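# Inside the fold
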Amino acid sequence: MAAIEFRGVTKEFADGTVAVDDLNLRIEDGEFMIFVGPSGCGKTTALRMLAGLEKPTAGEILIGETVVNELDPVDRDIAMVFQNYALYPHMTVRANIGFPLETQRVPKKERERRINEAASLLGLQELLDRKPRALSGGQRQRVAMGRAIVRHPRSFLMDEPLSNLDAKLRVQMRAELVKLHQRLGVTTLYVTHDQVEAMTLGQRVAVLDHGLVQQVDSPDILYNSPTNLFVASFIGSPAMNLLRVRSDGRRLSFGSYTLPLVDEVASSLRRREGEMVLGLRPEHFSVMPSAEEGATIPVTVEITEQLGSETLVYFRIEGVAAEALGAESEAELRGAFVARLDPRTHPSPGQLLDLAVDVERAHFFDPAEGVSLRGMGS
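Basis of the calculations
- Residues numbered from 1 in each chain as written.
- Predicted model: local features only at pLDDT ≥ 70, side-chain atom pairs only at ≥ 80, totals over all residues.
- Heavy atoms only, no water.
- Salt bridge = Lys/Arg side-chain N within 4 Å of Asp/Glu carboxyl O.
- Helix = DSSP H or I, 4+ residues; strand = E, 2+ residues; numbered from the N terminus.
- Buried < 20%, exposed > 50% of the residue type's maximum accessible area, 1.4 Å probe, protein only.
- Axes fitted to C-alpha atoms, helices over the stretch in contact; angles between N-to-C directions.
- Parallel < 35°, antiparallel > 145°, perpendicular 65-115°, else oblique.
- Left-handed = near helix turned anticlockwise from the far one by under 90°.
- Contact = heavy atoms within 4.5 Å.
- Nonpolar A, V, L, I, M, F, W, Y, C, P; charged D, E, K, R; others polar.
- Pairing = 2+ DSSP bridges.
- Core = buried A, V, L, I, M, F, W, Y, C linked by side-chain atoms within 4.5 Å.
- Phe/Tyr/Trp six-rings, centres within 6.5 Å; stacked < 30°, edge-to-face > 60°.
- Polar contact = N/O pair within 3.5 Å; in protein donor to acceptor, adjacent residues only side chain to side chain.
- Expected span 1.5 Å × (residues − 1).
- Arc of directions from axis to C-beta.

### Quick word on the pattern of salt bridges
Scanning the entire structure with this criterion turns up 23 salt bridges. Across the pair Arg 7 and Glu 60 runs a salt bridge, and its minimum N-O distance is 3.9 Å. With Arg 7 in strand 1 (residues 4–12) and Glu 60 in strand 4 (residues 58–63), this pair connects stretches of sequence that are 53 residues apart. Of the charged contacts in the structure, one is a salt bridge between Arg 250 and Asp 248, with a shortest N-O distance of 3.8 Å. Here Asp 248 falls in the partly exposed class, since its relative accessible area comes to 29%. Sharing partners across several salt bridges, the network here consists of Glu 5, Arg 7, Arg 26, Glu 28 and Glu 60.

And the structure:
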């Protein structure tokens, strides 16, 4: 195993597109790191540079203590797992798993031992003599992982390996990947556009946008303490509600409504006055008919989704628009704002509803710079 490090890595393509811009990041030995972001953010390009499939325009990539910029992919001691499985259809599962060992001319006895070891680890023992066409999508992906594991590489690189699976299989495979990493402890870089995968798999997650790393933290910190508007709006499902408000240091105003700022929040904002962007997670709303005056806002229900464990309510606030951030979020498509409420709540479209807001858990951002304001000077 080995740590991985990007030092000032940039990738600019011939047409002038900067896919990765000055990437500085260290993935610790044995760590499971996720690169997540929208299409075109640079996450796959970064992985391909690490794999040796693309050459950096600038900077250094290290595996262990070795700069690998000039090393061929075969000499980097890495194993890749792709979204399309890349299995040989004419070979059995046994032959597919053992193919890397055969090309390395590993002795037959040792080859069989490693194949059986990987098959046992992945629950493939009874499938070793089948061809890929006789396997389910989840089984094929396990074979692809077995082919990577059998090499005993220093690191795994995974490029959206679950994207071709249905929802139920993705959940199962996520759990298997976590258990697999716990058992093997191999340094892993996993690329995905699916933030649910990122939040459930990664020990740390790097959020990228337009080739730049926006934040690198544990899933919990990313969700509860996003450093800027992009991370706040990208992480979380449904997405965070964002609205432009004004503060006088003691209360927030938007449209014809006001919300009081408790002392703790006002202090964290350094009594800042003026415009800011208020961020509210869907769970920061609740139905509280007995709430104090000024602590609730009246909303108009547009759509409800009864999900069994919760009710999602999409709503509008009269005279108040959501901050779009240039992206078509679920809230924009369905009704500007969304609340995650108790499953026993059954409002109807068109109904007026008083929602309490948990301002103590709210997020605040500079409207020009997009950076988080809590704990920062004005």
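Next comes the rest of the description.
### Thoughts on the packing of helix 4 (residues 137–149) against helix 5 (residues 167–184)
Between helix 4 and helix 5, whose axes approach to 11 Å, the crossing angle comes to 20°. Considering their axes alone, helix 4 and helix 5 lie roughly parallel with respect to each other. Of the two possible hands of crossing, helix 4 and helix 5 adopt the one that is right-handed. Note on element contacts: helix 5 touches helix 4 through Leu 169, Met 173, Glu 176, Leu 177, Leu 180 and Leu 184, opposite Gly 138, Gln 141, Arg 142, Met 145 and Ile 149. By residue class, the composition of the contact of helix 4 with helix 5 is seven nonpolar, two polar and two charged.

### Concerning the sheet that holds strand 7 (residues 155–159)
As summarised here, the arrangement of the six strands in space is 6-7-8-3-9-10, forming an open sheet in which the pairing is mixed. Two strands close off the open sheet at either side, each with one partner strand: strand 6 (78–82) and strand 10 (212–217). Each neighbouring strand pair of the sheet contributes to a mean axis angle of 15°, computed without reference to strand direction. Packed on one face of the sheet, helix 4 meets strand 6 and strand 7 and runs near 170° to strand 6.

### A closer look at the packing of helix 3 (residues 108–122) against helix 4
Helix-helix packing: each pair is described by the crossing angle between the helix axes and the interaxial distance. Interaxial distance between helix 3 and helix 4 falls to 9 Å at its minimum, and their mutual angle equals 135°. Classified by the angle their axes make, helix 3 and helix 4 are oblique. In the crossing of helix 3 with helix 4, the sense of the turn from one axis to the other is right-handed. Each of Ala 118, Leu 121 and Leu 122 in helix 3 lies in contact with helix 4, whose residues at this interface are Arg 142, Met 145, Gly 146 and Ile 149. Tallied by class, residues from the contact of helix 3 with helix 4 come to five nonpolar, one polar and one charged.

### So, unusual backbone geometry
A cis amide bond links Ser 237 with the next residue in sequence, Pro 238, at an omega value of -5°. Residue placement: Pro 238 occurs in the loop between helix 8 (229–234) and strand 11 (241–247). You will see that Glu 160, though not glycine, has its phi angle at about 45°, which is positive. Mapping Glu 160 onto the fold places it in the loop between strand 7 and helix 5. The class of Glu 160 is buried, set by a relative accessible area of 11%.

### Points about the nonpolar core
The biggest cluster of nonpolar side chains holds 44 residues, and the ones touching the most others in it are Ile 34, Ile 97, Tyr 190 and Val 207. Among the elements that make up this core, the one with the highest residue count is helix 4 (five residues). Discounting residues that sit within four places of it in the chain, Tyr 190 has contacts with Phe 32, Met 33, Ile 34, Phe 35, Met 158, Pro 161, Leu 162, Leu 177, Glu 197 and Leu 201. Grouped together as the second largest cluster of nonpolar side chains are 32 residues, Val 245, Phe 285, Phe 337 and Ala 362 included.

### Points about the packing of aromatic side chains
Applying the stated criterion to the full structure yields seven aromatic pairs. Where Phe 6 meets Phe 35, the ring centres are 6.2 Å apart and the plane angle is 40°; that geometry is what we call tilted. Of the two residues, Phe 6 is situated in strand 1 and Phe 35 in strand 3 (residues 32–36); the sequence distance between them amounts to 29 residues. Considered together, Phe 6 and Phe 35 belong to a single accessibility category, that of buried residues. With 5.9 Å between their ring centres and 40° between their planes, Phe 32 and Tyr 190 make a pair best called tilted. Highlighted residues: Phe 32 in strand 3 and Tyr 190 in strand 8 (residues 187–192), separated in sequence by 158 residues.

### Description of the sheet that holds strand 11
Spatially, the five strands line up as an open sheet ordered 13-12-11-14-20, and their pairing is antiparallel. The open sheet has two free edges, formed respectively by strand 13 (257–260) and strand 20 (363–365), since each of these has just one partner strand. Looking at each pair of strands side by side, their axes are set apart by 40° on average, direction ignored. Summarising the sheet, strand 11 and strand 12 (residues 251–254) pair through two bridges and their orientation is antiparallel. Bridge pairing links Arg 246 to Ser 253 in strand 12.

### Let's talk about the side chain of Thr 192
Within the secondary structure, Thr 192 is located in strand 8. For Thr 192, a relative accessible area of 1% corresponds to the buried category. A distance of 2.9 Å separates the side chain of Thr 192 from the backbone nitrogen of Asp 194, its partner in a polar contact. If we ignore the near neighbours within four places in the chain, the residues touching Thr 192 are Ile 34, Phe 35, Val 36, Gly 37, Lys 43, Glu 160, Glu 197 and Ala 198.

### As for helix 3
The terminal C-alpha atoms of helix 3, which comprises 15 residues, lie 21 Å apart, in line with the 21 Å expected from a rise of 1.5 Å per residue. Those residues of helix 3 that fall on the buried side of the exposure criterion are Arg 111, Arg 114, Ile 115, Ala 118, Ala 119 and Leu 122. Buried residues in helix 3, looked at end-on, bunch into an arc of 135°, giving them a common side. As for helix 3, its buried residues are in contact with helix 2 (93–103), helix 4 and helix 5.

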